Each structure stands twice: as C-alpha cells, then as structure tokens.
Amino acid sequence: MFQTETPARIGRVRRSWPLSTLSHEDRSAVYGAKRKMRVGLFAFATLMLTCFMAVTTIGFFDRIVLLIEQQRFGTLIGYLGVCAICWFCLLIAAIQPGRLVRWFWAIALSVSVAASQAYYLVSSSELGPFDVLSLWQASHEAGRAASHYGSAVGWFAVVFLVSCAGIALFPTPGFRVWARHGAKLAWLPVVPVLLIGGIVLHKEGSGAQGLPQHFAPLAVGGVTLAKSALQPGAGERRVPARPASEPAVRNIVMLIDESVRGDYVSLTPGNIFTPKLAARKQRIVDFGAAASGGNCSHYSNALIRFGASRDNIAQSVKTNPSIWQYAKAAGFRTVFIDAQAGVNKNASRLQNFMTVKETAHIDRFVTFDDVATPDLDQRLMAVVQQELAGADPVFVYANKNGAHFPYQHGYRESRSMLAQDGADQSPTSKTALIRSYINNIRWNVDGVLSDFLDAVDLRETLVLYTSDHGQNFDPDRLTHCSIEDADPREGLVPMMAMTDDGKTLDRLRDAARRSFNRTSHFQLVPSVLDMMGYTHDEIAEMHGQSVFGQIASTDAEFTTGDIFGLFRAEVRRSPIDLSQDYLEQETRRLAASGAAVSISAADALRPSYRQ
C-alpha cells in the first residue's frame, strides 16, 4: 500500500535516488514541495523589494498623510498610481529571464536610487532639475567632493550594492510562459522614467518630489540635461563688488510669508483680519496691494533671492548674484530661516530651487523639527529676535509658515478667533473655508507680527514683509500655482515695511505715498540693495526699480510656471489690477455680521518667544 511521504522523507529519497526512479506520487510530492518553496521565496523577495522601494522613496508616507489631511484625494490617487506603476516595473526588471538584461536594469536603477540617497544625506534635499544642473556644472570637482563627503560616498556604495543585489539576484517565478515571453517586457521599466519625465515637463520643473527614487532621478536628470543641451549656456553668476557707501541700517530682515493674500492684511482700525497690527500702524509703512513674482512658492522665492529683473526674468534669475552674495559683500552676517521645511509637501530641507551651491553663502541655516504647526512662526520670530540681538550686522531671509492650506491646521483656537456660527455648519463650505483662513491670518500674521513688534527695538533694523503668493477660494480652482488662466488673487500679496529708524521711516513713508497699490516683488531686492549702500546705477542695471523710485502704473503682472526658460521659451505672465477690489462676498458678509471679537482678550494659548 502507498505510504504518504513526509517532507523529511522526500528529502532523503531525493538524495538517494534519481527522480526518474520515483513513483508518480513521489515525484508530484517533490515537485509540489519545490513549487511551494519557490513561491514562498518569490513572495518574500517581492515583499523585501517593495519595502526597499518605499523606504528609499523620500517623503513617501509623509506625502500620503499630507494629501489625506488636505483632502486632495484626486492627487492622492494619481500619486499612488504612479508609485504602483514604478513598483510593477521594478519587479519586471528584477524577474527578467535574461541575465544581461536583469543586470543592466540592476545597475541603472541602483545608481539612480543610490545617488538620490547620497545626495539627500549631504543636502537633506531631493534631486531637482536645478540640483542636477549645479552638479553637472561642478562635475570637475567630483574628486574633491568625494574626499569631503566620504560618508555620502560610503552610503552610496551601501545602497547601490543592496539594490543591485536585490534586483540582479531576485528569484525568478519559474513559470514556463514567463521564461518564453518575459523578455518581451525587457524595456517596460522605461515607462516610469518617461511618465515622471512627462510630469516634470508638464509642471515645468516640479512634480517629481516624493516619487520612487529608482526612477525619479533618472527622469529628472534626463529631462534637465536634455533641456539644458538645447539651450545656450547661462554663464556663471556675477560676483558683486562692495557697495559704494555704508548700509543705511545695521540689520535687514526679509519676511516672506506663505499664502497670505494682500487684501486680508489691513491697517484699518477695526478690520477683521489684522486688528492688532492696525493698533501698531505707527511703526509700519503700508505699500498696499502688491503683485507677487510668481503664483507658486518656489518661483516667487527664487525670483526674490536672485533679484530677477522684470524685463529679463529668465536670464537674470540665472546670472544675477544671490541676495546672500550681496549681503556678504556689504558686511552682513547671512541667516536663512525656513519654518516650512518640516511640514512641506516633501521631505526636502532645500526647497524653492535652493541648491547646495547657494547655501555656501549662508552663515546660518535654520529649520525646525518636532514643532507643532501653530507654533512654527513664533519659533521663527524667536530666531529673528536672537539674531537682531547679536554683535554683528545681520541680514535675515525668513520663510514663514503662514497660512498654507489646510488652514485649520495652522492655528489654535483662542478667544480672538472668528467663531463658527449656526448659519454655516458645513466645514467644507466656502464661507467656512474663508473663516478658517482669516483665523490663520489672525494667528500667524496679526498675532505673530504684533508680538514681535512689542518685543523688539527696530531703531537699527529694517523689516520688509510680503508673501510668496495669494490665494483663490474658488472650490473649482487651485488655490494657487495655476499655470494657465490664473486668477489674479493668486498673485495678490501684502507689501509692508517696519522700522524705528527715523530717516528710513521717512523715506519709506514718502515712497508709499507715491507707490501705494503699485509695487511688486521685483522692487524688493532693489530696495534692499539701496539700504545696503549700493548705488542706483548698480541696482537698476541688473534688478530694475526700487520702491524709492517712481512706479507709474497700477497695472502689474505675476509669472506662472517656469521662470528659468528651461522648460518653456517664454515666461508666462498673468495681469493683475492692483487698484481693483478682489474681496469675496463671503468675506464681506463675515465683516458685516460682526464676526470679529474683541482684541483685548489675551491669547492664552499662544507661546511666547520673548527673551
């Protein structure tokens, strides 16, 4: 009678006798055991490869959480879809029946993921198009860079070897149909590279953040170098000379807020947006509504940091000295504070097109980890206050966290917030959205800046305040970053100056009387350079007019999309009429209903940064 064999007995039989001498039942048991072992090994290897891809995808889990919190479910589905395609194509590369093909993909994809991990270790930044350009232009320094960043080179080797072994030595599924036809899919891993490259082209340089690093750097690098090769060289950035005269003030601070719209900041007494600032208006010069450089954070900040000329944006943003270089030449200590890095849409510490090369001119670089979102701007202003109290003249460029969506995450409930009323119970209605936005403004602009003014002496300091872009509350449109047919509200920002220096205050007030509701981001850097001691001719040649000059027209414009001329020949410009009233009817009703509360009540929940 036939006796069922145990796995141990099968092993002994297999070692003792050729399979051809076994009975049909014994051979079936051996084949079944081998199949189960192969399937189990394949499943385990797939799980490990999946985990490796997820872990090396910078900001993968954070981006998912953020998109859920922002209720951007369409974007979430698209993001996960691209990641799924990347995972599938990585698996296809790993199980290719041809050994040479498998090794080709193992090396190519492993170089990609290892390079991204090593670069992130050094810079805390994902590889973006302009990082690729900087690295390409500095490729002759590769030897010295390898010597200086030895830990990054070691980490590159570790990631490369693990990835390469995981792909090249991946157990094949063993299906006969795959052995015969799998080679037909040998070039399928090109699909994610083309897909991500298309996203980068469509978004004019962005869009690759948080995508799998086996493919994203290949796509970004390929698109960027191809675009660069088709363009004439931009040349090196100019090196500024020392200014002709001494700076007009000891310290200069540029506060660039996030998503704060110009008509939601007011110095009119009793307004519902910034009543505390209105009570301190004697120390503030208001230039009224202004036009942003771009309607997206990274473009506006790049335009400001590089002092782009409105008449020659694409060339000037690539060749002008950075604001850091000017400040260093004028004798200032340079400080960059980023309150957005910890909550940004990706895990990068370098954002807004900032590269490692640019940071060489920054003396202190400050970001915040493990700080609750409502407290970020208070912490930022605490660093500003600390720097102003230092022994050396200082130039500070600070990216506030401001009023970025979801608005309700940026503030804590306090007695000076606008309360929900019974007429509007839906948290997703336009009125509720605007109410939440106003609360954010009251917390992060009105409260933070008024606390700062109460705590500091500005007799030797000039503070220039604006926002990177405005906001559009139409539920059927993007709040900002539209490329085609952008709403003017996306480019509507505040423009203010704060100082206790009498001479500077008089100059600014005179300028504001002549240029009220007429300025733009393009006047910011020329105004800063004027205060640093540079001459009018030096400034106008590369950067254009400052706020101290005559700005003739109320018509203005802001850019949308690529400003570098890398992905598009012409810079897109959208008009904005700064004399027009863009305030929503829902906001007017909130103001008319008496939604504002007394500003005398203490904000007990606000952390103090006074020293």
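Let us look at the structure shown here. (Residues numbered from 1 in each chain as written. Predicted model: local features only at pLDDT ≥ 70, side-chain atom pairs only at ≥ 80, totals over all residues. Heavy atoms only, no water.)

1. Here's the deal with the environment of Val448
Note the cut-off: Helix and strand assignments follow DSSP, with helices taken as H or I runs no shorter than four residues and strands as E runs no shorter than two, numbered in order from the N terminus. Throughout, exposure labels follow a simple rule: accessible area from a 1.4 Å probe, protein chains only, divided by the maximum for the residue type, with under 20% read as buried, over 50% as exposed, and the rest as partly exposed.
Note that Val448 resides in helix H18 (residues 430-455). Here Val448 falls in the buried class, since its relative accessible area comes to 0%. Linking Val448 and Asp375, residues 73 residues apart in sequence, is a C-alpha distance of 9.6 Å.

2. Notes on the nonpolar core
To keep things clear, this is the line we draw: The term nonpolar core refers to a set of buried residues drawn from Ala, Val, Leu, Ile, Met, Phe, Trp, Tyr and Cys, joined through side-chain atoms within 4.5 Å.
Ranked by internal contacts, the top residues of the largest apolar core, which has 57 residues, are Ile196 and Ile563. In terms of residues, this core owes the most to one element, helix H4 (residues 73-94), which gives 11 residues. Counting residues in each nonpolar core, the second largest holds 47 residues, with Ile284, Leu418, Ile438 and Ile441 among its members.

3. Quick notes on helix H11 (residues 216-229)
So the rule is basically this: By this rule, a helix spans an expected 1.5 Å times one less than how many residues it contains.
Helix length check: H11 (14 residues) gives 20 Å between terminal C-alpha atoms against 20 Å at 1.5 Å per residue, within 8%. Of all the residues in H11, the buried ones are Ala216, Pro217, Ala219, Val220, Gly221, Val223 and Thr224.

4. Focus: the pattern of salt bridges
A side chain with one charge can pair with a side chain of the opposite charge if their charged atoms come near. Rules: Just to be clear on terms, a salt bridge is a Lys or Arg side-chain nitrogen sitting within 4 Å of an Asp or Glu carboxyl oxygen.
For the structure shown, the criterion picks out 21 salt bridges. The partner of Asp500 in a salt bridge is Arg283, with the nearest N and O atoms 2.8 Å apart. A residue pair is termed long-range when its members are at least 10 positions apart, and Asp500 in the loop between strand E7 (492-499) and helix H19 (502-515) and Arg283 in the loop between helix H12 (275-278) and strand E2 (284-291) qualify at 217 residues. For Arg283, a relative accessible area of 22% puts it in the partly exposed group. When salt bridges with common partners are traced through the structure, they connect Arg261, Asp263, Asp487, Arg489 and Glu584 into a single cluster.

5. Section: the sheet that holds strand E3 (residues 333-338)
To keep it simple, the criterion reads: Strands are treated as partners if at least two bridges between them are detected by DSSP. Inter-axis angles, ranging from 0 to 180 degrees, are taken between N-to-C directions of lines fitted to C-alpha atoms, where helices are fitted over the stretch in contact. Residue contacts follow a heavy-atom distance rule, with two residues in contact if any of their heavy atoms lie within 4.5 Å.
Strand order in the open sheet formed by seven strands is E2-E7-E6-E1-E5-E3-E4, and the pairing between neighbours is mixed. A single partner strand is all that each edge strand has here, and the edge strands are E2 and strand E4 (364-367). Each strand of the sheet is rotated relative to its neighbour by a mean of 15°, with strand direction disregarded. Inspection of the sheet shows strand E6 (residues 461-467) paired to E7 by five bridges, in the antiparallel sense. Across the sheet, residue Val463 finds its bridge partner in E7, namely Met498. Packed onto the sheet, helix H20 (residues 524-532) meets strand E1 (251-257), strand E5 (394-399), E6 and E7 and runs at close to 165° relative to E1.

6. Looking at the environment of Cys89
For Cys89, the position within the fold is in helix H4. Once the C-alpha coordinates of Cys89 and Leu188 are considered, the two residues, 99 residues apart in sequence, prove to be 6.2 Å apart. Among residues more than four places away in sequence, those in contact with Cys89 are Leu188, Pro189, Pro192 and Phe215.

7. Let's talk about the packing of aromatic side chains
For the record, the criterion: Ring geometry is summarised as follows: Phe, Tyr and Trp rings, the Trp one being its six-membered ring, pair when their centres sit within 6.5 Å, and such pairs are stacked at plane angles under 30 degrees, edge-to-face over 60 and tilted between the two. Placement of a charge over a ring requires the Lys NZ or Arg CZ to be within 6 Å of the ring centre, with the centre-to-atom vector within 35 degrees of the ring normal.
Under the defined criterion, the tally for this structure stands at 21 aromatic pairs. Measuring from centroid to centroid gives 5.0 Å for Phe60 and Phe61, while their planes differ by 75°, and the two rings are edge-to-face. With a relative accessible area of 16%, Phe60 lands in the buried category. Both rings, one in Tyr264 and one in Tyr437, keep their centres 5.2 Å apart while their planes meet at 80°; by these two values the pair is edge-to-face. One end of the pair, Tyr264, is in the loop between E1 and H12; the other, Tyr437, is in helix H18, with 173 residues separating them in the sequence. Here Tyr264 matches Tyr437 in class, with each residue buried. One aromatic cluster in this structure is built from Tyr264, Phe273, Tyr407, Tyr437 and Phe473. Over the face of the ring belonging to Phe548 we find Arg507, whose NZ or CZ atom lies 3.9 Å from the ring centre.

8. As for the state of the cysteines
Spelled out, the test is: Pairs of cysteine sulfur atoms within 2.5 Å are what we label disulfides.
Under the criterion given, the structure shown has one disulfide. Linked covalently through their sulfurs, Cys296 and Cys481 form a disulfide whose S-S length is 1.8 Å. When the S-S torsion is 85°, as for the bridge of Cys296 with Cys481, the disulfide is right-handed. With Cys296 in the loop between E2 and helix H13 (297-305) and Cys481 in the loop between E6 and E7, this pair connects stretches of sequence that are 185 residues apart. Judged by its relative accessible area of 26%, Cys481 is partly exposed. Between Cys86, a free cysteine, and Cys83, which holds the nearest cysteine sulfur, the sulfur-to-sulfur gap is 6.2 Å.

9. With respect to the side chain of Ser574
Looking at where Ser574 falls in the secondary structure, it is placed in strand E9 (residues 572-577). A relative accessible area of 9% means that Ser574 is categorised as buried.

10. A closer look at empty space enclosed by the protein
Convention followed: Note on definitions: the grid is 1 Å and covers protein atoms alone; a cavity is a set of points where a 1.4 Å probe fits but cannot get out; a pocket is an open set with protein on both sides within 12 Å along at least five of seven lines; lining residues have an atom within 4 Å of a point. Grid points are joined across faces, edges and corners, and a volume is the space filled by probe spheres set on the points. Three categories are distinguished: nonpolar for Ala, Val, Leu, Ile, Met, Phe, Trp, Tyr, Cys and Pro, charged for Asp, Glu, Lys and Arg, and polar for the others, with Gly belonging to the last.
Counted under the stated rule, the structure contains four cavities of 30 Å³ or more. In this structure, the largest cavity occupies an estimated 60 Å³ of space. Along its surface, the largest cavity is lined by Phe287, Leu462, Leu464, Met495, Leu508, Leu524, Ser527, Val547 and Phe548. Those elements that place two or more of their residues in the lining of the largest cavity are E6 and H20. Within the lining of the largest cavity, the residues separate by chemical class into eight nonpolar, one polar and no charged. Of the volumes computed, that of the second largest cavity is approximately 50 Å³. The wall of the second largest cavity is formed by Leu303, Ile304, Gly307, Ala308, His521, Phe522, Val525 and Pro526. If you list the elements that add at least two residues to the lining of the second largest cavity, you get H13 and H20. Residues of the lining of the second largest cavity, tallied by class, amount to six nonpolar, two polar and no charged.

By themselves these figures say nothing about function.
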